[in-house]
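Report on the structure
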Amino acid sequence: AAGGGISAASKSKSGNQMGSHLFLAGLILQLVSFALYTTIYGIFLYRVRTKNPEIWHCDRNKPWYNDWRTLSNVLCVSCVGILIRSFYRVVELSQGYQGYLATTEAYFYALDTLPLFIAISIFTPFWPGRFIDSNNPMKGRYQYHPQMELQPKE
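Attention in this report is confined to the structure presented alongside it. (Residues numbered from 1 in each chain as written. Predicted model: local features only at pLDDT ≥ 70, side-chain atom pairs only at ≥ 80, totals over all residues. Heavy atoms only, no water.)

**Focus on the overall build of the protein chain**
For the protein chain, the helix and strand inventory stands at five helices and two strands. In sequence order, the secondary structure elements of the protein chain are arranged as α-α-α-α-α-β-β. Counting only residues that meet the buried cut, the protein chain has 26% of its 154 residues in that class. Across the protein chain, contacts joining residues at least 24 apart in sequence account for 52% of those joining residues at least 6 apart. (Helix = DSSP H or I, 4+ residues; strand = E, 2+ residues; numbered from the N terminus. Buried < 20%, exposed > 50% of the residue type's maximum accessible area, 1.4 Å probe, protein only. Contact = heavy atoms within 4.5 Å.)

Below, the structure written as structure tokens:
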């Protein structure tokens, strides 16, 4: 946001360029950090599936709308949508404000609006609270400690 503000408020070409570069750096940082998050999430799912099959399959007898794996897939779809949009924004801004992607409305709708709309709206039918069972056997077994570790209650 700071880069866009500097670029818009600047009365000189160098200030405008500095703001654009700062804006682009922020978008790149956003893309890299979210790609890292998505990668860690993917590794988590892989490890649960391969090393803890009892957890992976714990909801197999429940309907799909109560299976935690449904929610995990929804989060994957949401992550992909956000990554598509973030990548598009980096490429768009790297071409400049008058670049091909920035001036072509169809790309904006296909690569910015639609992926973000899907990433957000997919949680309407798949709201996480619907997947959290109040009778969950793990509920209440762990408590918060200042050391930020999960420890069983005694």
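**Observations regarding the packing of helix α4 (residues 68-94) against helix α5 (residues 105-121)**
It is at 8 Å that the axes of α4 and α5 come closest, and there the two elements cross at 150 degrees. Looking at the two axes, α4 sits roughly antiparallel to α5. Relative to α5, α4 is oriented so that their crossing is left-handed. Along the contact surface, α4 presents Val77, Ser78, Gly81, Ile82, Ile84, Arg85, Tyr88 and Arg89, while α5 presents Tyr107, Phe108, Leu111, Asp112, Pro115, Leu116, Ile118 and Ala119. Grouping the constituent residues of the contact of α4 with α5 by class yields eleven nonpolar, two polar and three charged. (Axes fitted to C-alpha atoms, helices over the stretch in contact; angles between N-to-C directions. Parallel < 35°, antiparallel > 145°, perpendicular 65-115°, else oblique. Left-handed = near helix turned anticlockwise from the far one by under 90°. Nonpolar A, V, L, I, M, F, W, Y, C, P; charged D, E, K, R; others polar.)

**Things to note about α4**
Its 27 residues give α4 an end-to-end C-alpha distance of 39 Å, which sits within 8% of 39 Å, the value for a rise of 1.5 Å per residue. Downstream of α4 by a residue or two, Gly96 has a phi angle that is positive, lying close to 95 degrees. (Expected span 1.5 Å × (residues − 1).)

**Let's talk about a nonpolar patch on the surface**
A cluster of nonpolar side chains, Val77, Leu114, Phe117 and Ile118, forms an exposed patch at the surface whose accessible area comes to about 360 Å². The leading source of residues in the nonpolar patch is α5, at three residues. Along the polypeptide, Phe117 turns up in helix α5. (Patch = residues over 30% accessible without salt bridge, like charges linked within 9 Å, V, L, I, M, F, W, Y side chains within 5 Å. Areas by Shrake-Rupley, 256 points an atom, 1.4 Å probe, with all protein chains shown as cover. Salt bridge = Lys/Arg side-chain N within 4 Å of Asp/Glu carboxyl O.)

**Section: the packing of aromatic side chains**
The full count for this structure, using the stated rule, is eight aromatic pairs. Relative to Tyr37, the ring of Phe34 has its centre 5.5 Å away and its plane inclined at 40 degrees; by these criteria the two rings are tilted. Highlighted residues: Phe34 and Tyr37, both in helix α2 (residues 13-51), separated by three residues, approximately one helical turn. Accessibility expressed as a relative area gives 39% for Tyr37, which makes it partly exposed. Note on Trp56 and Trp68: the rings are 5.3 Å apart at their centroids and 90 degrees apart in plane angle, and the pair reads as edge-to-face. Of this pair, Trp56 sits in helix α3 (residues 53-56) while Trp68 sits in helix α4, and the two are twelve residues apart along the sequence. In this structure an aromatic cluster arises from ring pairing among Phe34, Tyr37, Tyr41 and Phe44. (Phe/Tyr/Trp six-rings, centres within 6.5 Å; stacked < 30°, edge-to-face > 60°.)

**Looking at the environment of Leu111**
Mapped onto the fold, Leu111 is located in helix α5. With a relative accessible area of 29%, Leu111 lands in the partly exposed category. Expressed as a C-alpha distance, the spacing of Leu111 and Tyr88, which sit 23 residues apart in the sequence, is 6.2 Å. Not counting residues up to four positions away in its chain, the partners in contact with Leu111 are Ile84, Arg85 and Tyr88.

**A short note on the side chain of Thr104**
If you trace the backbone, Thr104 turns up in the loop between α4 and α5. Of the polar contacts made by the side chain of Thr104, one reaches the backbone oxygen of Tyr100; its length is 2.6 Å. (Polar contact = N/O pair within 3.5 Å; in protein donor to acceptor, adjacent residues only side chain to side chain.)

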